[in-house]
Amino acid sequence: MAKIPVQFRLNGSDRAAFVDAPETLLNTLRRGLGDFAPKYGCGQGACGVCTVLIDGEPHLSCLTLSVACEGKRIETASGMADGPDLHPLQAQFMEHFAAQCGFCTPGMLTVARALLDRNPNPTRDEVIEAISGNICRCTGYEPIVAAILAAAGSPGMRRSEGGRHA
Amino acid sequence: MARHEGRGMASVNYPIGMNLGGDPSQALIHSNPDGKFTVALSAIDLGQGMKQVSRQIAAETLGVPIEDVHVDTADSDTGPHDMGSFASRGTHRMGNAIIVAAREARGVLLEAAAEELEVDAGDLVTDGRGNIHVRGAPSRAITVKATAQAAQFKQGKTIAGRGIFLIPLSAVDAETGEMNPNTAFAHACLVADVAVDDETGEVEVLRMTSAYELGRVINPRMVEQQLVGGAWMGMSHALYETPEPYYPNPEHGPRDFNEYLMPGPGEIAPYHVTVLERPAPDGPYGGKGPGEMCANPVLPAIANAVYNAVGVRVDELPITPEKILRGLQANGGVKPGPRRGGPVNWR
């Protein structure tokens, strides 16, 4: 099968890859471009751990074809820190011990980032709704909810590059 | 057509690790020429925090900064033998093995330092900040780094230690049959408040309140988080999870995350934990292990709360709406028990 060239912006850098037509964005990110923040969990859109932002909106990269991402802005948890400075969500996840095994963390950070981009002051119910497509099997969710609410109140909260109101 | 509130409680006496003797864990510690230490273990950390606790125990015993200790659990082919990460045994078993290994390594470290300082090793102390000095004379000092380098490149010494924790086989007294099958016991009590809908059979966990006695709590924040996450798992076992809903008929069993039901972030109940510390004589710095008992008391407490709320005794997990409705039918309706203890006002 002929490879198809795809170009998109990944965490602020222009990247290109040759992909097969049925290749998923998750596969391209992990195997082609070496971004291991999005994880391969269920592979069928049920666990949320592969979530990335495409033009500021959360998408399941295990169900997204790479060829559909031509010219898009893609952001993963790898691009959240600004050099040594953690994104407020990352800092609050640490502060609230919102990870145990850490496997769900990149997906949780990504959906939380999309939430705070469109709604900087969410209610607890809005936070719960935002993470309801993401499975965590260690923390019992409470520390994750607490971390997101704390980040929403933090002064250093920035908007992501592709955010709706950016 | 109403919601009935009920309260249940459960207590746990929880033995750490496997019983009857054995259950070994080994640890190997060596210094590197930069004065930092590597702890090799074959048990792995699945997110419970064992690596962090191992690091704290090693640093404390060696007398060096925690930043200077690296815990390597990478490879059970090349690492020392361990039974594994299960049975809540990590902190207790591996921690004890690490203390033995770290004491031996510290002994060699102080001997090497003594040789450099031309003093008796017995007069040396560590300051926990990377220095070794003569007791009462902080100026007669050498850094751990310089000591490690002198041992490696000048003295030809290996700063290393071996540790194992092994429980002697518990013999049975021929006369009385008495034996001591266990090592450390941890303890907990948990109260669950639930609301049961007598029309749908649904159970909502309103709140949980618990007290855990875990020996010395080596890392309080990690223990607290493990208890919070574990209580959610207990709630999940009690009310949601089953791989075989119509056992022994395997049909309709879950096949993936979509079908294997566990509570989501919308179902979490407020949970208040009090941790009590009663250091265990045989624990590493008095530690035991929260592990599995984070979830254990939640199941019977919820089952008891359901019984208290509507009089239905469900003795098979999970406690599904179907089982509750069948129970109500068999009992001829709701038969609530007495409500004890009044409201829980902790928030």
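Residues numbered from 1 in each chain as written. Chains lettered and ligands numbered in written order. Predicted model: local features only at pLDDT ≥ 70, side-chain atom pairs only at ≥ 80, totals over all residues. Heavy atoms only, no water.

**Q** Go over the overall build of chain A with me, naming the residues and quoting the values.
**A** Across its full length, chain A holds 5 helices and 5 strands. Listing each helix as α and each strand as β along chain A from the N terminus yields β-β-α-β-β-β-α-α-α-α. A globule of 166 residues ought to have a C-alpha radius of gyration of about 15 Å, and chain A, at 15 Å, matches this closely. With respect to the three principal axes, the spread of C-alpha positions in chain A is 50 × 30 × 25 Å. Per-residue burial for chain A yields a buried fraction of 49% across its 166 residues. In the structure as shown, chain A presents an accessible area of about 7400 Å², 52% of it carried by carbon and sulfur atoms. For chain A, the distance from the average site of its 15 positive side-chain charges to the average site of its 17 negative ones is 3 Å. (Helix = DSSP H or I, 4+ residues; strand = E, 2+ residues; numbered from the N terminus. Rg over C-alpha atoms; globule rule 2.2 N^0.38 Å. Buried < 20%, exposed > 50% of the residue type's maximum accessible area, 1.4 Å probe, protein only. Areas by Shrake-Rupley, 256 points an atom, 1.4 Å probe, with all protein chains shown as cover. Lys, Arg positive; Asp, Glu negative; His and termini not counted. Charge placed at Lys NZ, Arg CZ, Asp CG, Glu CD.)

**Q** So what about the interface of chain B and chain A? Which residues, and what values?
**A** On the chain A side, the residues contacting the 20 residues of chain B number 22 residues. Interface area, chain B with chain A, both sides summed: about 1800 Å², of which 64% is carbon and sulfur. Looking at the side of chain B facing chain A, the largest losses of area belong to Gln225(B), Phe257(B) and Pro265(B), adding up to 35% of the total buried there. Run the count over chain B and chain A and you get 4 residue pairs in polar contact (both at pLDDT 80 or more). Grouping the constituent residues of the side of chain B that touches chain A by class yields 11 nonpolar, 7 polar and 2 charged. (Contact = heavy atoms within 4.5 Å. Buried area = accessible area lost by both parts, 1.4 Å probe. Polar contact = N/O pair within 3.5 Å; in protein donor to acceptor, adjacent residues only side chain to side chain. Nonpolar A, V, L, I, M, F, W, Y, C, P; charged D, E, K, R; others polar.)

**Q** If you had to explain the sheet that holds strand 9 (residues 185-197) of chain B to someone new, which residues and values would you point to?
**A** Neighbouring strands of a sheet are bound in pairs by backbone hydrogen bonds; such pairs are parallel or else antiparallel. All names here are of chain B. The strand order across the open sheet formed by 4 strands is 1-9-10-11, and the pairing between neighbours is mixed. Every other strand in the sheet has two partners, leaving strand 1 (3-15) and strand 11 (271-276) as the edge strands with one partner each. Strand-to-strand twist in this sheet, taken as the mean axis angle between neighbours without regard to direction, amounts to 15 degrees. Relative to strand 9, strand 1 runs antiparallel, the two being bridged by 13 bridges. The residue bridging Gly6 from the neighbouring strand is Val194, located in strand 9. The strands touched by helix 5 (residues 298-310) within the sheet are strand 1, strand 9 and strand 10 (203-213), with strand 1 carrying the most contacts at an inclination of about 150 degrees. (Pairing = 2+ DSSP bridges. Axes fitted to C-alpha atoms, helices over the stretch in contact; angles between N-to-C directions.)

**Q** Tell me what's going on with the nonpolar core, and back it up with residues and numbers.
**A** Residue and element names in this part refer to chain B. Counting 44 residues, the largest nonpolar core has Met208, Ile302 and Val306 as its most contacted members. Contributions of two or more residues to this core are made by strand 1, strand 9, strand 10, helix 4 (220-239), strand 11, helix 5 and helix 6 (321-331). Considering every element that reaches this core, the biggest residue donor is helix 5, with 9 residues. Once residues lying within four places of it in the same chain are set aside, the contact partners of Val306 are Val194, Val196, Val203, Gly311, Val312, Ile319 and Ile324. Val64, Ile98, Val108 and Phe165 belong to the second-largest nonpolar core, a separate cluster that totals 39 residues. (Core = buried A, V, L, I, M, F, W, Y, C linked by side-chain atoms within 4.5 Å.)

**Q** So what's going on with the state of the cysteines? Residues and values would help.
**A** Two cysteines joined by a covalent bond between their sulfur atoms form a disulfide. Following the criterion strictly, the structure yields 0 disulfides over all chains and no others. Considering cysteine sulfurs only, Cys62(A) is the nearest to Cys50(A), which forms no disulfide, with 3.7 Å between them. Cysteine Cys294(B) shares no disulfide, and the gap to the nearest cysteine sulfur, in Cys138(A), comes to 12 Å. (Disulfide = S-S within 2.5 Å.)

**Q** Describe the side chain of Thr242(B), with residues and values.
**A** Residue and element names in this part refer to chain B. Looking at where Thr242 falls in the secondary structure, it is placed in the loop between helix 4 and strand 11. There is a polar contact of 3.1 Å between the side chain of Thr242 and the backbone nitrogen of Glu244. Not counting the four nearest positions on each side in its chain, Thr242 is found in contact with Pro254, Tyr260 and Pro318.

**Q** So what's going on with helix 3 (residues 144-155) of chain B? Residues and values would help.
**A** Residues and elements named next belong to chain B. Taken together, the buried positions of helix 3 are Val144, Thr147, Ala148, Ala150, Ala151 and Gln155. Projection of helix 3 onto a plane perpendicular to its axis shows the buried side chains occupying an angular sector of 160 degrees, all on one side. Exposed positions of helix 3 whose direction lies more than 90 degrees from the buried face are Phe153 and Lys154. Against strand 2 (22-31), strand 3 (37-40), helix 2 (90-117), strand 6 (131-134) and strand 7 (137-143) lie the buried residues of helix 3. (Arc of directions from axis to C-beta.)

**Q** Provide a residue-level description of the pairing of strand 4 (residues 57-60) of chain A, including the pertinent values.
**A** Bridging between strand 3 (residues 51-54) of chain A and strand 4 of chain A involves 4 bridges; their strand directions are antiparallel. If you follow Thr51(A) over to strand 4 of chain A, its bridge partner there is Leu60(A).

**Q** Can you explain the pattern of salt bridges? Please cite residues and give values.
**A** Counted according to the given criterion, the structure contains 21 salt bridges over all chains. The partner of Asp20(A) in a salt bridge is Lys3(A), with the nearest N and O atoms 3.3 Å apart. With Asp20(A) in the loop between strand 2 (13-19) and helix 1 (25-32) and Lys3(A) in the segment before strand 1 (4-10), the pair connects residues that are 17 residues apart, well separated along the chain. Look at Asp20(A) and you get partly exposed, because its relative accessible area is 24%. Look at Lys3(A) and you get partly exposed, because its relative accessible area is 49%. Residue Glu204(B) pairs with Arg3(B) through a salt bridge whose shortest N-O separation is 2.9 Å. Here Glu204(B) is found in strand 10, whereas its partner Arg3(B) is found in strand 1, with 201 residues between them in sequence. (Salt bridge = Lys/Arg side-chain N within 4 Å of Asp/Glu carboxyl O.)

**Q** Explain the side chain of Ser25(B) residue by residue, including any values.
**A** Residue and element names in this part refer to chain B. As for its placement among the helices and strands, Ser25 is situated in strand 2. A distance of 3.0 Å separates the side chain of Ser25 from the side chain of Asp82, its partner in a polar contact. Side-chain polar atoms of Ser25 contact the side chain of Arg89, separated by 3.1 Å. Sequence-distant contacts of Ser25, defined by excluding residues within four places in its chain, comprise His81, Asp82, Arg89, Arg93, Met94, Ala97, Gly163, Ile164 and Phe165.

**Q** Give me the lowdown on the confidence of the model for chain B, citing residues and values where you can.
**A** A residue-level look at chain B finds 98% of positions with pLDDT of 70 or above and a mean pLDDT of 93. With a pTM of 0.90, the predicted complex shows an ipTM of 0.87. (pLDDT = per-residue confidence, 0-100.)

**Q** Break down the sheet that holds strand 4 (residues 69-72) of chain B for me, with residues and values.
**A** Residue and element names in this part refer to chain B. The mixed open sheet is built from 4 strands, whose spatial order is 4-3-2-8. Two strands lie at the open edges of the sheet, namely strand 4 and strand 8 (160-167), each paired on one side alone. Here the average twist between neighbouring strands, direction ignored, is 20 degrees. Alignment of strand 2 against strand 8, held across 7 bridges, turns out to be antiparallel. Each residue of the ladder has a partner; that of Leu28, found in strand 8, is Arg162. Lying over the sheet, helix 1 (residues 50-62) contacts strand 2, strand 3 and strand 4, oriented at roughly 135 degrees with respect to strand 4. Lying on the sheet, helix 2 is in contact with strand 2, strand 3 and strand 8; it crosses strand 8 at an angle near 150 degrees.

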